[in-house]
Amino acid sequence: RERLRRRLHRSLEVWKRHHHPPALPDAQTYIAVADAVWFNFGKSKQRYTCFVILLRPVETEWGYPVVVYLRRGRESKTTWATAFSRIPSKIKSRITALIADGHTGIMHIALERGWHFQWCHAHMKRKVFELRGVRALPARSLRQKITKLVYRFLETPREQAASACLRRLRYLFKLPQCPKSLPSRLSGVIKRGHLLRTYRAVPELNLPVTTNSVEQINNQISGRYGAMHGLRSAKALRY
């Protein structure tokens, strides 16, 4: 067993020397796409989070992984700031927009740095899907109306129609028969809805509306972790 372990490690070292991450093309401006995936280690189930950031030149459709950073702890503004600090300053100064989920920490980082922020539609749609009432839940008809309004707000190209959707949502949220979970969990659509429609405000950047590209990388990481039937330590996963 020990001989096999050493042989595998030597083989991996040779592979790593000959397989480097794709180089980031030089560009005047970049779009960042960011997401995180977490793991628990040990008997105490210590949380570790892997932060992944892709950069894409504005004029292309290809993203390049520039940060894959595993550290102890959960997502927060501080941990995301540390992840972004791993991008060279001359590259980071060219970022013009960020696509991410609704985590307030990463949202504030983008706004503080003057980046356009596009809130991921897929995350919002998943949340709406959980609440829409496909089963016999209270106020099922109202839940379905709200679902349609949120989807229309996300996708309509007309700002006037989007504003009408928000007005209607505010009205429905105030109805006595509206379950409290709906205005509570969907309050971001009302308070920060403009961040869900950034892609319409700056069409010249050709912003994606989801973090699917970086989630695909996270799925690969999780898939390899699962194929190894778990690991004993964060050090082994980082390696």
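In short, a report on the structure. Please read all numbers here as calculations on a predicted model, not as lab measurements. (Residues numbered from 1 in each chain as written. Predicted model: local features only at pLDDT ≥ 70, side-chain atom pairs only at ≥ 80, totals over all residues. Heavy atoms only, no water.)

A closer look at the overall build of the chain
Note the following rule: Where helices and strands are cited, they refer to DSSP runs of H or I of at least four residues and of E of at least two residues respectively, numbered from the N terminus. Under the scheme applied here, a residue whose accessible area is under 20% of the maximum for its type counts as buried, over 50% as exposed, and between as partly exposed, the area being computed with a 1.4 Å probe on protein chains only. Note on contacts: a residue pair is in contact if any heavy atoms of the two residues lie within 4.5 Å. Method for areas: the Shrake-Rupley scheme with a 1.4 Å probe, in which residue coverage is limited to the protein chains shown.
Each helix and strand in the chain was counted, giving 12 helices and 5 strands. The principal-axis extent of the C-alpha atoms belonging to the chain is close to 70 × 45 × 25 Å. Among the 239 residues that make up the chain, the fraction classed as buried is 41%. For the chain, long-range pairs separated by at least 24 residues make up 62% of all intrachain contacts whose partners lie at least 6 apart in sequence. Of the accessible surface of the chain, which amounts to about 14500 Å², a share of 52% is contributed by carbon and sulfur atoms.

Notes on the sheet that holds strand β4 (residues 95-100)
Inclusion rule: DSSP bridges decide pairing: two strands pair if at least two such bridges lie between them. For helices, the axis comes from a line fit to the C-alpha atoms of the stretch in contact; other axes are also lines fit to C-alpha atoms, and the angle between any two N-to-C directions lies between 0 and 180 degrees.
With mixed pairing, 5 strands are arranged side by side in an open sheet as β3-β2-β1-β4-β5. Among the strands making up the open sheet, the edge pair consists of β3 (64-72) and β5 (116-119). Strand-to-strand twist in this sheet, taken as the mean axis angle between neighbours without regard to direction, amounts to 20 degrees. One ladder, built from 8 bridges, connects strand β2 (residues 46-57) with β3; its direction is antiparallel. Counted as the bridge partner of leucine 55 is tyrosine 64 from β3. Helix α4 (residues 104-112) rests against β1 (30-41), β4 and β5 of the sheet, and its axis sits at about 155 degrees to β5. Sheet strands in contact with helix α11 (residues 212-227) are β1, β2 and β3, and its direction is about 25 degrees off that of β1.

Points about a nonpolar patch on the surface
Defined as follows: Grouping into patches uses exposed residues only, defined as over 30% relative accessible area, and leaves out salt-bridged ones; the cut-off is 9 Å for like charges and 5 Å for nonpolar side chains (Val, Leu, Ile, Met, Phe, Trp, Tyr). We define a salt bridge as a side-chain nitrogen of Lys or Arg found within 4 Å of a carboxyl oxygen belonging to Asp or Glu.
A contiguous nonpolar surface patch, about 310 Å² in accessible area, is contributed by Leu12, Trp15 and Tyr239. Secondary-structure assignment places tyrosine 239 in the segment after α12 (234-238).

Interpretation note: all reported values are geometric properties and have no functional meaning in isolation.
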